[in-house]
Amino acid sequence: MTDCLFCRIIAGEIEAKTVEEEAGWVAFRDVNPQAPVHVLIVPREHIATTNDLEERHEGLLGGMVRGAARIAAAHDIDMEGYRLVLNTNRGAGQSVFHLHLHLLGGRPMLWPPG
């Protein structure tokens with residue numbers, strides 16, 4: 001999708017600070033971090049929101065979550081704690097309509113969020 005920011009990052013048209021890559025996804029640092037560690041884990045396939053997920057994506061999502069755990073460990077936040085967030089649609093704060101998992105850590109996370 002040519003007008004999608006994350007598709008353009010995945011295609012290499014826009015530079016990003018890549019943290020890790022797998023066959024189905026890419027992880028890179030958020031340009032507007034909300035925590036000392038703020039990484040976005042983005043599927044290579046354009047999927048607009050969680051509402052657009054299909055049964056065939058279950059392995060992809062599992063891989064993204066497992067990747068988030070590895071990235072958290074690599075940043076030494078796995079034991080102190082981290083948050084994984086999937087926002088769906090504008091009312092939940094989604095601003096880029098390409099599914100992405102936020103990995104946030106390195107500071108206390110408050111509850112409830114938002």
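To be clear, the structure that these remarks concern was listed above.
Structure report, in brief. (Residues numbered from 1 in each chain as written. Predicted model: local features only at pLDDT ≥ 70, side-chain atom pairs only at ≥ 80, totals over all residues. Heavy atoms only, no water.)

1. Here we look at the overall build of the protein
- Helix and strand counts for the protein stand at 2 helices and 5 strands.
- With the principal axes as the frame, the protein shows a C-alpha extent of 35 × 30 × 30 Å.
- The buried share of the protein, reckoned over its 114 residues, is 34%.
- When contacts within the protein are restricted to residue pairs at least 6 apart in sequence, long-range pairs at least 24 apart make up 54% of them.
- Working note: accessible area of the protein is about 6,800 Å², and carbon and sulfur atoms make up 51% of it.
- Here the protein contributes 10 positively and 15 negatively charged side chains, and the mean placements of these two sets differ by 5 Å. (Helix = DSSP H or I, 4+ residues; strand = E, 2+ residues; numbered from the N terminus. Buried < 20%, exposed > 50% of the residue type's maximum accessible area, 1.4 Å probe, protein only. Contact = heavy atoms within 4.5 Å. Areas by Shrake-Rupley, 256 points an atom, 1.4 Å probe, with all protein chains shown as cover. Lys, Arg positive; Asp, Glu negative; His and termini not counted. Charge placed at Lys NZ, Arg CZ, Asp CG, Glu CD.)

2. Re the environment of Q34
- Of note, Q34 is situated in the loop between strand 2 (25–29) and strand 3 (37–43).
- Residue Q34 is classed as partly exposed on the basis of its relative accessible area, which comes to 47%.
- Here the alpha-carbon distance between Q34 and H102, two residues 68 residues apart in the chain, equals 9.9 Å.
- Setting aside residues up to four positions removed in sequence, Q34 forms contacts with L104 and R107.

3. Description of a nonpolar patch on the surface
- A contiguous nonpolar surface patch, about 220 Å² in accessible area, is contributed by V65, Y82 and L84.
- With respect to the helices and strands, the residue L84 is situated in strand 4 (residues 82–85). (Patch = residues over 30% accessible without salt bridge, like charges linked within 9 Å, V, L, I, M, F, W, Y side chains within 5 Å. Salt bridge = Lys/Arg side-chain N within 4 Å of Asp/Glu carboxyl O.)

4. So, the nonpolar core
- The biggest cluster of nonpolar side chains holds 15 residues, and the ones touching the most others in it are W25, A27, V39, I41, M64, I71 and L103.
- When residues of this core are assigned to their parent elements, the largest contribution, 5 residues, is made by helix 2 (residues 58–74).
- Excluding residues within four positions of it along the chain, A27 makes contact with K17, T18, V19, E20, V39, L40, I41 and I71.
- Residues C4, F6, V26 and F28 belong to the second largest nonpolar core, which totals 9 residues. (Core = buried A, V, L, I, M, F, W, Y, C linked by side-chain atoms within 4.5 Å.)

5. A few points about unusual backbone geometry
- With omega at 0°, the peptide bond leading from W111 into P112 counts as cis.
- Assignment of secondary structure puts P112 in the segment after strand 5 (101–105).
- Residues other than glycine seldom take positive phi values, yet D76 does so here, at roughly 55°.
- Structurally, D76 is set in the loop between helix 2 and strand 4.
- Unusually for a residue other than glycine, N89 sits at a positive phi of about 75°.
- Within the secondary structure, N89 sits in the loop between strand 4 and strand 5.

6. What about the packing of aromatic side chains?
- Under the defined criterion, the tally for this structure stands at 1 aromatic pair.
- With centroids separated by 5.6 Å and ring planes inclined at 70°, the aromatic side chains of F6 and F28 adopt a geometry described as edge-to-face. Linking F6 in helix 1 (residues 5–10) with F28 in strand 2, this pair joins segments that are 22 residues apart in sequence. Comparing F6 with F28 shows no difference in burial state: the two are buried. (Phe/Tyr/Trp six-rings, centres within 6.5 Å; stacked < 30°, edge-to-face > 60°.)

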